[in-house]
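In case you want the letters, here they are:
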Amino acid sequence: MKGSWSSLAGARVVVRLAACAWLVCVLAACGGREQQEAERARRARQMRDVSRMLDAMEADTTPAATPPVSTAAPLLPPHPETAIAANDDPSMPLLAILAIAVAGGLVVPALATLAWRRRKRLSISRPNAPSDRPAATDPLPTSASVTHRDQVTLPPAWVYRGSSFDTPPIQVADDPVNLLVAPVAMAPLARTDHWDTCVRQARALPRQDADARLAHAENEVRATLDDADDRARPALLAQWTRVRLARIERFSGATRLFAMRELVAAIEGDPAAADPVAIDARIEAQLAWASWVRGDAAASRLAEAERLCAMLRGDDARCTALALRREGQIFLQRAELVRGRQALADMERAQACFDKAHALLPDAETALLVARTALHRARSLSPADAADACAHALIHAFLAEQETGCRAEALACRLDIQLVYAALAVDDHGHAGVTASLGRDLEAAGPLAPTARLALAEACLREGDPAKAAGLCESIWNDGGAQPRLLNLWRDACHRWSGIEGHDRAALARSLRLLAIARSTL
């Protein structure tokens, strides 16, 4: 017998179910004797009542022919031939026949189906899948030859047919696309290294690498701060504040605000919080906090930063230069909260503060602030005044480029200035080559911050490479830099990309879908 063990077990279950159904039908037909006797008695009473009514009606219609019958005399019992016997119910054989027919109707098809399936199974030869149950003629297996093989059930072969309505696959939450960022090995930082350089490099790295690097740096600075003396504690407190602030910048929503409150409270409760170096770090934290809120909350943060600037002013030139730099940054953030002439007036005040700070302390960071502020002013001025502002910005961008740590940011600023120059020019003669050269220098400068990649994306779009510009915008958005300016540039890049003949439709569809997601989450 070649049937499998599972098929035989299933056949036995079917036979048992059919037998149980047959037995239930027979018991239903034979059972209920008391109910049947009560039903027969009720029917007999009804027949007697009907007979009495008929006799009474006949007596009323023929009074002369029929003598009066005494009402006190008992009625005659029913005739024995018309009485229904207790065991003479005509419905019993019908119920029994019906039960047998129903049971037979269940059992016969089940047995027939079982026989047909067994015949069909035996007719199909399966040489590669022998039965696990041994036949009666096979020799008994020994303990060494007994093996258990699992039955392999092959899944059905699904065939997917593509159509023109298919969309390319997309991963919403995934690692950011790194187009220009090369992986940087995280080497342990020594205590003598500049933590500002670590923060600047981390801001140009992808999200995961930057988080790991900043966490490593924060742990080392915190361990150094706990063991520091009173003389070295202010500088270490300022460095820990900046590293912690760089980590908080990557948070979002209420998590970032709660972390910012904890940071400000921790700094204010430190004994070294009144030192000028620590005050400068506190002002930087207040400015960052003001950039994440709007309205009265931002105004209150800027007011607190202005109060700290008054504390920072001192007799030496360094403290005065730091205070002027922070005041200029306060004016710049106030210009972002307003529009029109008031914003231009705040930017001019910021420009004056940065120029004074650069005259007192001519370093690369201050020169870069002067260049960026002049560039912002150039976008809001008339063409003649904008050209003078761009020239002022270009001079200070060249000065900032001489510092190795600020070279990439200075190149990005020069590229922005060149784009503004090209927009002000009547023709594009000579500007295309300068823009392309600055773009190549910026790509070769190493890992780029989001602001530098944004400038490079504008240059690529101007030079006729919208696919690369869209990829740069996507990488900035993956690093958490979604801004209206970025989304508008991304939209223009996708629009020009779609007009190129023979473009990659799948890549363009993916970029458009990510752009829609970025706009919905802004």
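Residues numbered from 1 in each chain as written. Predicted model: local features only at pLDDT ≥ 70, side-chain atom pairs only at ≥ 80, totals over all residues. Heavy atoms only, no water.

Draft legend 1. Seen up close, the overall build of the protein chain. Check the secondary structure of the protein chain and you find 19 helices and zero strands. A buried classification covers 35% of the 522 residues belonging to the protein chain. Sequence-distant contacts, at least 24 apart, represent 65% of the contacts inside the protein chain between residues at least 6 apart. Accessible area of the protein chain: about 32300 Å², with a carbon and sulfur share of 58%. (Helix = DSSP H or I, 4+ residues; strand = E, 2+ residues; numbered from the N terminus. Buried < 20%, exposed > 50% of the residue type's maximum accessible area, 1.4 Å probe, protein only. Contact = heavy atoms within 4.5 Å. Areas by Shrake-Rupley, 256 points an atom, 1.4 Å probe, with all protein chains shown as cover.)

Draft legend 2. View of empty space enclosed by the protein. Evaluation of the coordinates by the stated rule reveals two cavities of 30 Å³ or more. Volume-wise, the largest cavity comes out at about 50 Å³. Forming the walls of the largest cavity are Val-264, Ile-267, Glu-268, Arg-282, Ala-285, Gln-286, Glu-304 and Leu-308. Those elements giving two or more residues to the lining of the largest cavity turn out to be helix 7 (253-268), helix 8 (276-291) and helix 9 (296-312). Considering only residue class, the lining of the largest cavity consists of four nonpolar, one polar and three charged. (1 Å grid on protein atoms, 1.4 Å probe; cavity = no way out; pocket = protein on both sides within 12 Å on 5 of 7 lines; lining within 4 Å. Points joined across faces, edges and corners; volume = space filled by probe spheres on them. Nonpolar A, V, L, I, M, F, W, Y, C, P; charged D, E, K, R; others polar.)

Draft legend 3. View of the packing of helix 17 (residues 466-478) against helix 18 (residues 484-498). Look at helix 17 against helix 18: their axes get within 8 Å of each other, and the N-to-C directions meet at 150°. On the basis of the axis angle, helix 17 is roughly antiparallel to helix 18. Every pair of crossing elements has a handedness; the one defined by helix 17 and helix 18 is left-handed. Contact residues: Pro-466, Ala-467, Ala-469, Ala-470, Cys-473, Glu-474, Ile-476 and Trp-477 in helix 17; Leu-486, Leu-489, Trp-490, Ala-493, Cys-494, Arg-496 and Trp-497 in helix 18. (Axes fitted to C-alpha atoms, helices over the stretch in contact; angles between N-to-C directions. Parallel < 35°, antiparallel > 145°, perpendicular 65-115°, else oblique. Left-handed = near helix turned anticlockwise from the far one by under 90°.)

Draft legend 4. The arrangement of the packing of aromatic side chains in detail. Applying the stated criterion to the full structure yields one aromatic pair. Seen from their ring centres, Trp-477 and Trp-490 are 6.1 Å apart, and the 50° between their planes marks the pair as tilted. Here Trp-477 is found in helix 17, whereas its partner Trp-490 is found in helix 18, with 13 residues between them in sequence. Its relative accessible area of 0% is what places Trp-490 among the buried residues. (Phe/Tyr/Trp six-rings, centres within 6.5 Å; stacked < 30°, edge-to-face > 60°.)

Draft legend 5. Region of interest: the nonpolar core. Counting residues in hydrophobic clusters, the biggest one holds 32 residues, and the most contacted among them are Leu-415, Leu-442, Leu-456 and Trp-490. Sequence-distant contacts of Trp-490, that is, excluding residues within four places in its chain, are made with Ala-470, Cys-473, Glu-474, Trp-477, Ser-511, Leu-514, Leu-515 and Ala-518. (Core = buried A, V, L, I, M, F, W, Y, C linked by side-chain atoms within 4.5 Å.)

Draft legend 6. Spatial organisation of helix 16 (residues 450-462). Taking 1.5 Å as the rise per residue, helix 16 with 13 residues should run 18 Å; its terminal C-alpha atoms sit 18 Å apart, in good agreement. In terms of burial, helix 16 is a largely internal element, 10 of the 13 residues being buried. Every buried residue of helix 16 is listed here: Ala-452, Arg-453, Leu-454, Ala-455, Leu-456, Ala-457, Glu-458, Ala-459, Cys-460 and Leu-461. A positive backbone phi angle near 90° is found at Gly-464, which sits one or two residues after helix 16. (Expected span 1.5 Å × (residues − 1).)

Draft legend 7. Structural detail: the state of the cysteines. Going through the model one piece at a time under the given rule, you end up with zero disulfides. Left without a disulfide partner, Cys-473 is nearest to the cysteine sulfur of Cys-494, which lies 8.0 Å away. On the basis of relative accessibility, which here comes to 0%, the residue Cys-473 falls in the buried class. (Disulfide = S-S within 2.5 Å.)

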